[in-house]
Amino acid sequence: MSAESASVVALPDELHEVLSPGWLNKALAIRYPGIEIVEVTPGPVVSRVSTNARFRIDCTGGVPKGLSPHLCAKGYFSEIGRSASPAGVPETSFYRDLADRTGVRTLRSVFADVDARTDANIVITEDVVAEGGVFLDGLSDYTPDQAADSLDQLATLHAATWADPSLADVGWLRSRLDGYLRSRGLPEISANFACWIGAGVPDETRDAERLVAAYRRLAAETAAASPWAVIHGDPHIGNVFLDGAGRPSFLDWQLVQRGPWYIDVGYHIASALTVADRRRSERDLLAHYLDRLRAGGVRAPEWDEAWRAIGRGILHGFYLWGITVKVDPPITAALLERLGTAAADHDVFAAVGA
């Protein structure tokens with residue numbers, strides 16, 4: 001759906017308004033003209049900063065062809081959420097403007113829009129759980145074969161947007177690594193490294209000051225990197241779900257932005273697999289990704305260049321999990337061990353001159 005067509009529907013301030021037949025009929029009519037929802041049955045609601053609400057719709061004459069009756073709305077409806085709603089703008093914009101165009105496997109959006117005046121934003125997707133989908137987390141088992149499949153999806157995203165001039169000046173896709181340095185940093189990383197959460201990080205990379213310095217260099221590099229593509233930005237294992245057919249797919253696009261391909265690839269391989277599986281398979285997985293990038297019509301980097309580059313993606317993921325404070329601690333610990341060990345194996349601090 002286009003930004004222009006979506007803008008004709010005012011975005012509600014409250015979740016109960018979103019889940020009303022009246023508003024849903026207006027919103028979904030953009031894609032499904034003539035839809036007549038007569039009843040909305042609320043389901044589970046998860047409200048942290050954003051609010052995710054599952055629900056079912058019943059329509060006069062049945063649900064339109066191609067639309068699931070099981071849906072999920074995501075927005076920022078609490079007092080805390082409203083102040084944080086700008087963080088959701090990139091994700092909602094991605095679903096509105098780019099998801100269908102790229103062909104990447106993700107949640108299927110049936111409505112997405114942003115209020116340009118207030119940054120309020122709402123996205124409605126089909127409920128993959130009702131269709132047999134499974135959401136993963138940092139402790140989920142994930143095999144190298146599955147990682148190859150999810151790298152296919154990253155290659156699909158990257159190839160579809162590779163140095164696309166129509167996306168070069170899109171504001172919500174601006175590089176934002178420098179912003180992660182401003183929001184959190186040394187205190188959070190030091191606290192994680194000083195307790196059991198960071199105990200699995202090798203001594204050579206369990207250095208909070210050096211991690212911050214290395215990430216500052218990476219952020220400066222990335223802002224001017226070329227060629228760029230649209231990257232997921234946060235493709236760790238917890239942002240993967242298995243669809244109803246068991247295929248890896250990506251969700252949670254809050255960090256979507258322009259950036260170099262290796263930010264996604266290095267981070268994904270190092271976070272998705274155990275240390276042992278990553279060490280055994282990372283070369284094959286990188287070669288697979290490069291092959292898929294070429295199949296998408298992109299002139300992929302040469303092997304030696306690519307192998308050096310993925311360490312920077314590992315560094316990106318390592319920093320993001322170093323500053324993480326609100327995730328279940330065993331998950332943070334597992335991902336810090338994986339990413340910190342990969343950072344040591346690839347000598348990422350030295351690679352960026354930190």
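Residues numbered from 1 in each chain as written. Predicted model: local features only at pLDDT ≥ 70, side-chain atom pairs only at ≥ 80, totals over all residues. Heavy atoms only, no water.

- The chain carries the name Phosphotransferase enzyme family protein in an unreviewed UniProt entry, which gives Parafrankia irregularis as its organism.

Description of the pattern of salt bridges
1) Next: One pass over the structure, following the stated rule, counts 22 salt bridges.
2) Next: With a closest N to O distance of 2.8 Å, aspartate 97 and arginine 96 form a salt bridge.
3) Next: Its relative accessible area of 12% is what places arginine 96 among the buried residues.
4) Next: Connected through salt bridges with shared partners, the residues Arg278, Arg279, Glu282 and Asp345 form a single ionic network. (Salt bridge = Lys/Arg side-chain N within 4 Å of Asp/Glu carboxyl O. Buried < 20%, exposed > 50% of the residue type's maximum accessible area, 1.4 Å probe, protein only.)

Remarks on the domain arrangement of the chain
1) Next: Domain assignment breaks the chain into domain 1 (15–131) and domain 2 (134–352).
2) Next: A C-alpha centroid distance of 28 Å is found between domain 1 and domain 2.
3) Next: Listed as interface residues are 22 residues of domain 1 and, on the opposing side, 26 residues of domain 2.
4) Next: Together, the buried faces of domain 1 and domain 2 total about 1,900 Å²; carbon and sulfur atoms form 63% of this surface.
5) Next: The largest per-residue losses of area from domain 1 upon contact with domain 2 belong to Pro90, Arg101 and Arg105, which jointly make up 33% of the total buried on that side.
6) Next: Remark: the boundary between domain 1 and domain 2 carries 3 salt bridges.
7) Next: Note that aspartate 149 is salt-bridged to arginine 105, the shortest N-O span being 3.0 Å.
8) Next: Connecting domain 1 to domain 2 are 9 residue pairs in polar contact (both at pLDDT 80 or more).
9) Next: Elements with a contribution of two residues or more to the side of domain 1 that touches domain 2: helix H5 (89–97) and helix H6 (99–102). (Domains from an automatic or database assignment. Contact = heavy atoms within 4.5 Å. Buried area = accessible area lost by both parts, 1.4 Å probe. Polar contact = N/O pair within 3.5 Å; in protein donor to acceptor, adjacent residues only side chain to side chain. Helix = DSSP H or I, 4+ residues; strand = E, 2+ residues; numbered from the N terminus.)

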